[in-house]
Structures are given as C-alpha cells and as structure tokens.
Amino acid sequence: MSREGPSLEHLLRRLTETPSLFLDEPLIRKRGKVDLAAVASDLLLAIGGTLPTLKEANAFQPAKLAERNPARLLLIACWLLHDDWFVQRAELLGPIKTLLAEGLHELGNLIDAELFVTDPERREELVRLVLDALQLRPAGESPNQAADRLKSLDSLERERVIRASRARAEAERARKLRAEMEAREAREAAAKANREW
Amino acid sequence: MHAEFEARKARNPLLTEAGWRMFRLLHDHADAPRWNYQVGDRLIAADLPPVAAYRRRIAEQRPRWSPEPPEWLVRWLEQLRAQVPLFRQRLPLGFNIRRDWGYIETMQREDIALRIEQLVPQDADLSRLIVYETNGTSTGHALDVPNHPASVALNHPLLEFALAQHGVRPEFSAQHLACVNLGAEARTVIFPNVFAVWNNAGFAKVNLHEASWDAERAKRFFAQLQPEFLTGDPIAFAEYARWGIDYRPKAMISTATSLADALKQALQARYACPLIDFYSTTETGPIAYSSAEGEGFSQLPPDLWIEIVDEAGAPLPPGEMGEICLSGGRNPYLPLLRYRTGDFARLLPQGTPGDPAPRLVDLQARRPVLFRSLSGSPVHPLDIAYVLRTQLWLQHELLQRADASLRLRIRPGLGRPIDQDALRAGMAQLFGALPLEIIEDSQLGAHRPGGKVIAYRSELPEIPPAEGIS
C-alpha cells in the first residue's frame, strides 16, 4: 500500500450507486444479458489500453454456470474501476488487468456478488481489496490503518481459517463414511427390495 | 426355533410371532425358489410413527406446480447449506435461492459416484447407514447410494398411495404375502422377508430364471401364497407371462425401466388388474406413478420438487421437453439440489381429477434394452452390469450391432487399466463367442451434458413386446 488512492467514502458511494446494468445477469452460454468481455474491454480501453484481441476479451467471458457469481462480482468491480480517479491513471492498466483476470475469482465463489453493493461491510471489503490489489490505500489512512481494516473485513482469510479448522474433521468424516459404506452389513441390508417403490 | 426367531430379529427388529410364521411359510415353502440371500427391513419402533405421519402427508399435501422453488425447499436448503460441502460450493454466502434458483449449478450422477462425501451432511448419524449398489444400466455410471432404513421405509406409503389411486387397497397383515418382486436375470439375490411398516406382511424377491426356479414350481408358489401385488421390471413381467403363470394379483407395479404400451396392454388383458408404471430411481426413490386418469405420470412424493431444464441447466416453461431435474428428497445421506436424472419429459402443471399433482408426459426414461447371445437367448443388462462390476470404471457404452457383434467403450476409473481378458471371459459366458471389441476411452461422456452416455444400445430387430403372452 505504497500510495494514497481515492477516498473510501467516494468509492463506497459509487458502489451504492451501481447502475442496474452492472447488476444484470452476465451472459453465459446464451443466458443472461451483459457481455462481461465487452464491459471489461471498455474499461481497459478507457484506462489507456489497446483494444483487446478476441482471445484476450474472451478470457473474461464466463464459460459455465459455475462462473456466474465471480462474473457478477467482476461486473461490479468494472463499475467501481470506471471511476475517473482510476481511468485517469494509465499506470494502473497492468494491475487492473491482473485484478480482473485473477484477483476476484475466489471471493466470487464465496459470497453472493450483490452483497458487495447492498451490505456495508462487504462494500467496504471490496473497495479495500481493489485498492490493495492496485497497491493503493484509501486517502487519509496510514498503511497500517488500511492493512488492519482490510484484515478485519477479509472474508477470504476468515474462510481460510474456517476451512483449516474444518479440514481435519471433514477428512476424518470422509474416512468414516467410506468405511461405513464398505461394511458388509450395510450392503446386505440394502439388497434391492423396496428402494425404488 | 425360538433361537432362530431371536436371530432373525437382528435383520427384522420388529418381527412378531405372526411375522415369523409368515417368514417361515415363505422360507420353507416346498415350491419356493432357491433362496440365496438374507435381508431384513432393519426398522426399529421409533421409525414407525414417522412412516404414519408421512402416509398422512402424502395424502394431505399433494404436490402443486409452482414457477419458483417452494417455501419448504428454500428452508430445507438454508438449513442444510452449512452441513453439506457441495451445497456450500454451489450456494455462495448471501445467495438468493428463490430469485436465482435457475442459476444454481446442477448435480449429476458423477457427483454421487465420485464425491459422495461432499454430499452427506456433516452432522448426519452414520450408524444405521445402508448402501444400495446400482449397476449404471441406464446412464452408465455405477453408483453406491447410501440410504437409511427409516427413509427407505417411507417408500411404502408412497406405493400405497399409488395403489389406492388405482383403486387397489392390499391387505397388509402377517397373514398375507403383500408383495413379490419379480426378476429375470442370470444372477441376482433372492430372499423372503417381512415388512414392519406393513404389520409384518410377507415379501419375496424371486427370480424367473431357470438358474433359480422352474415354471411349474413358480406356478404353485404363486397360486398357494397369492401375493397381493407384484413388482418388477418389464422384462420380468414378460417372463411371468411366458412361464405361463396364471395367478392374478390385485395389481402389477412396473419399475426400473419404462414399460412399452403394447406390453402393458397385453399384461392387462391377460391378468385383468391395474398395471401401474412407476418412475423411480435408486438415487431418488419414487418420483411419479402412471396416472389413474389422463396421460402421463403424476408426481408422487410431496418432498420432491421437479423441474424440467435445458442442456445448460436453465429451467424450461411448463410443457416444454427437457431433462428431469430433482431437488429435495427423503434420503438423509443424499440431499438433492437440482439433480439431473438423465431422463426427459414434459411437465404439465395440471393434475388429474383424482390427484392435483403435476404430471410428467412423454417420459423418456430408462428404455429397456434386450441383448441376444449367440444362441439367441436374451441377455439382461443387469447381467452385463455384474460382469462390468469386476472392473473399476466410470462409464461405459455397450452396443450390439445388427449383425449381433458387440462394441464396449469403457472409461477406466482412477487411472487403473481395464482387465480386458477378464471382461472378455465374463462377456463370453453371457453372449457366447460373439465378436467383441473393447475400447478404453478416458474421455467417454466427458463432453456431454451431465456426463451422460447411453449405457446400453442394441441395433437388433426389436423383440415383440408381448412375446410369450397368450
């Protein structure tokens, strides 16, 4: 977080004012409305990039339904980054490309995208996450303040802790399940008699 | 004798003296087939009140069509989400289940075959778990399906409801043989049993195959024991008629594969009883029964939500043909979230005069495929599945061409090679010396929606559906 970015309040307000277009369904295999590849390409062009090749643009396009929520989050992030403060800084083009390509996927798999507009904590998390990815911090905050606040809001970190604590129990549970399913008695009891009617 | 009675209670904990007499009557009958297995319902007293409650619920809460997921389903998913790893993946935190339902990624057989631990709720009690082995005869995925005796017992009132809709009310007492399940396979387990949910009424699973029985003894067995109704697949019912068994039950329930109209009419003409076609799978239990009035199949359970979806998993409007997709269910180890069955139909919101439940019409499910050996005798897909089970595979496709030659495409599992010699030996036992080509294909089904393949296909001329029925 080497540099000061725009003010937190400004970006939070921008998120609350996300136009419906950016909350519409992303186009996935003929379903949905919004062409994410076009939206992302527009943003990169606005920041000073060249027109992406078809292959580069299509990299943003979700290919399957499972990518829907990350794609929705990406649309919201595109709106956020279309703010003049970012658009006027061509040096951010590279980091923004990287952020759009890989920086939000994990979060998009975890939390429904709409919450990053409607829920105050998630809104702040998204803003801080985006700034952090661009090596920026909210205007008026020290690097330590910004880092502490991001850590306290970090859903991914919280999920990692939960997953780590769950992992051993789930592995043990899976082992027990396999053992129960292999047990002779369990199989004998279920010889086809009434399972389908 | 008392020691045997007590020993039997390990499998039938609610066995009564009268039930034990019924069991012995079946087990020791002079014309019984050669029983080769022992199985019980494993129900305990605490399991019975929920069955009674479910019986009332089936009658009182008939399913109704709705364009969005019903309230009970949303609540059920919200409760399960924290406990089911796959649900956590499919439903991000804050996901709007009702509004965004159609965007939830669909489940498929592969999820059950390869990731069952992701589906069993973390807090589910595993102490009474039982396992059904399916052979993947329709869609090519062998499955081990965990279940619970108490939830399997709920299938009984579902069957009762379907029978009642067709005007059939069997006697369920320890003095009656409630049901005989017919098979016609070279290898299968057969056993007598009693069911506590039916007051210790008798049940028998038999096999109409010369390996375990013969027609004359079977005729006497049915004539003397007079089962209230019969269940079985269409091939077994055709065999029942071909063996010349005259006994007329109160109803015949056809399960497992779809029943051709011509066979249905021939059986009804010969046995003069309702022939109820059941749409059911091991993964889901009963789904629908052939409507007593009007065309198609009426949805049976009140705790299952049926959608028709397109290839991408998007819900289709009522009346459009698409894949049957199910959510909910009663199996505590296998909660279903948009589970693609691999079967296709149109969903009609309107019920029939006797049952307001929505109906599936033009159902294309589990069409029976009959293969022929070199000598011309029929080979049942279940017998082929037994041979295939000796190998670790994910999916397979078996084709018998018009010249009777065979082609087996098989997708090995977990990187283990297929033992082709063992497969050839097993297939030769069933088919004789017919040409057999085996192709190992690690990508089989990988590029098809839901990973579905057509497991069994025959280009032989069709066997007349009413073969052997006079």
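Above this text sits the structure in question.
Residues numbered from 1 in each chain as written. Chains lettered and ligands numbered in written order. Predicted model: local features only at pLDDT ≥ 70, side-chain atom pairs only at ≥ 80, totals over all residues. Heavy atoms only, no water.

**Student:** Break down the side chain of glutamate 159 of chain A for me, citing the residues and quoting the values.
**Tutor:** Residue and element names in this part refer to chain A. Mapped onto the secondary structure, glutamate 159 falls in helix 11 (residues 155-182). On the basis of relative accessibility, which here comes to 14%, the residue glutamate 159 falls in the buried class. Those residues in contact with glutamate 159 that sit more than four places away from it in its chain are Leu110 and Arg166. (Helix = DSSP H or I, 4+ residues; strand = E, 2+ residues; numbered from the N terminus. Buried < 20%, exposed > 50% of the residue type's maximum accessible area, 1.4 Å probe, protein only. Contact = heavy atoms within 4.5 Å.)

**Student:** Got a sec to walk through the pattern of salt bridges? Specific residues and values, please.
**Tutor:** The full count for this structure, using the stated rule, is 46 salt bridges over all chains. The shortest N-O distance in the salt bridge between arginine 149 of chain A and glutamate 124 of chain A comes to 2.7 Å. With a gap of 25 residues between them, arginine 149 of chain A in helix 10 (residues 143-153) and glutamate 124 of chain A in helix 9 (residues 120-133) connect regions that are remote in the sequence. Between arginine 330 of chain B and aspartate 303 of chain B there is a salt bridge, and its shortest N-O distance comes to 2.8 Å. Here aspartate 303 of chain B lies in the loop between strand 10 (297-299) and strand 11 (304-309) and arginine 330 of chain B lies in the loop between strand 12 (321-328) and strand 13 (336-348), a separation of 27 residues in the sequence. Among the charged side chains, a network of salt bridges with common partners joins Glu25, Arg68, Arg72, Asp112 and Glu114 of chain A together with Arg99 and Asp100 of chain B. (Salt bridge = Lys/Arg side-chain N within 4 Å of Asp/Glu carboxyl O.)

**Student:** Describe the interface of chain A and chain B, naming the residues involved and giving the relevant values.
**Tutor:** How large an interface is tends to be reported as the accessible area lost when its parts come together. At the junction of the two partners, chain A supplies 36 residues and chain B supplies 60 residues. Connecting chain A to chain B are four salt bridges. When the shortest N-O distance is used, the salt bridge between arginine 88 of chain B and glutamate 170 of chain A registers 2.8 Å. Counting across the interface, chain A meets chain B through ten residue pairs in polar contact (both at pLDDT 80 or more). Here the element with the most residues in the side of chain A that touches chain B is helix 11 of chain A; it accounts for nine residues. (Polar contact = N/O pair within 3.5 Å; in protein donor to acceptor, adjacent residues only side chain to side chain.)

**Student:** How would you sum up the packing of helix 1 (residues 8-16) of chain A against helix 9 of chain A? Please name residues and give values.
**Tutor:** Residues and elements named next belong to chain A. Interhelical geometry of helix 1 versus helix 9 gives an angle of 120° and a closest axis separation of 10 Å. Classed by the angle they form, the pair helix 1 and helix 9 counts as oblique. Between helix 1 and helix 9 lies a crossing of right-handed hand. From helix 1, Leu8, Leu11, Leu12, Leu15 and Thr16 reach across to helix 9, where they touch Arg123, Glu124, Leu126, Val127, Arg128 and Leu131. When its residues are assigned to classes, the contact of helix 1 with helix 9 shows seven nonpolar, one polar and three charged. (Axes fitted to C-alpha atoms, helices over the stretch in contact; angles between N-to-C directions. Parallel < 35°, antiparallel > 145°, perpendicular 65-115°, else oblique. Left-handed = near helix turned anticlockwise from the far one by under 90°. Nonpolar A, V, L, I, M, F, W, Y, C, P; charged D, E, K, R; others polar.)

**Student:** Residue-level account of the environment of glycine 167 of chain B, with values.
**Tutor:** Residue and element names in this part refer to chain B. Among the secondary structure elements, glycine 167 is positioned in the loop between helix 8 (155-165) and strand 3 (177-183). According to the relative accessible area criterion, glycine 167 is exposed, its value standing at 58%. Sequence separation between glycine 167 and glutamate 210 is 43 residues; the distance between their C-alpha atoms is 35 Å.

**Student:** Can you break down the sheet that holds strand 14 (residues 359-364) of chain B residue by residue, with the values?
**Tutor:** All names here are of chain B. What the twelve strands build is an open sheet, ordered 4-5-3-6-7-8-9-10-14-13-12-11; its pairing is mixed. Looking along the sheet, the strands with just one partner apiece sit at the ends: strand 4 (191-195) and strand 11. Put simply, the sheet's adjacent strands are angled 35° from each other on average, direction ignored. Across four bridges, strand 8 (residues 275-281) lies against strand 9 (residues 285-290) in antiparallel orientation. Within strand 9, the residue paired with tyrosine 279 across the bridge is alanine 288. The strands touched by helix 2 (residues 17-27) within the sheet are strand 3, strand 4 and strand 5 (201-207), with strand 4 carrying the most contacts at an inclination of about 160°. Strands strand 4, strand 6 (229-232), strand 7 (251-254), strand 8 and strand 9 of the sheet are contacted by helix 8, whose axis makes an angle of about 0° with strand 9. (Pairing = 2+ DSSP bridges.)

**Student:** Residue-level account of the environment of isoleucine 190 of chain B, with values.
**Tutor:** Residues and elements named next belong to chain B. Following the sequence through the fold, isoleucine 190 ends up in the loop between strand 3 and strand 4. Distance in space between the C-alpha atoms of isoleucine 190 and asparagine 207 is 6.7 Å, their sequence separation being 17 residues. Ignoring anything within four residues of it in the chain, the contact list for isoleucine 190 reads Pro33, Arg34, Trp35, Asn36, Tyr37, Lys205, Val206, Asn207 and Ser212.

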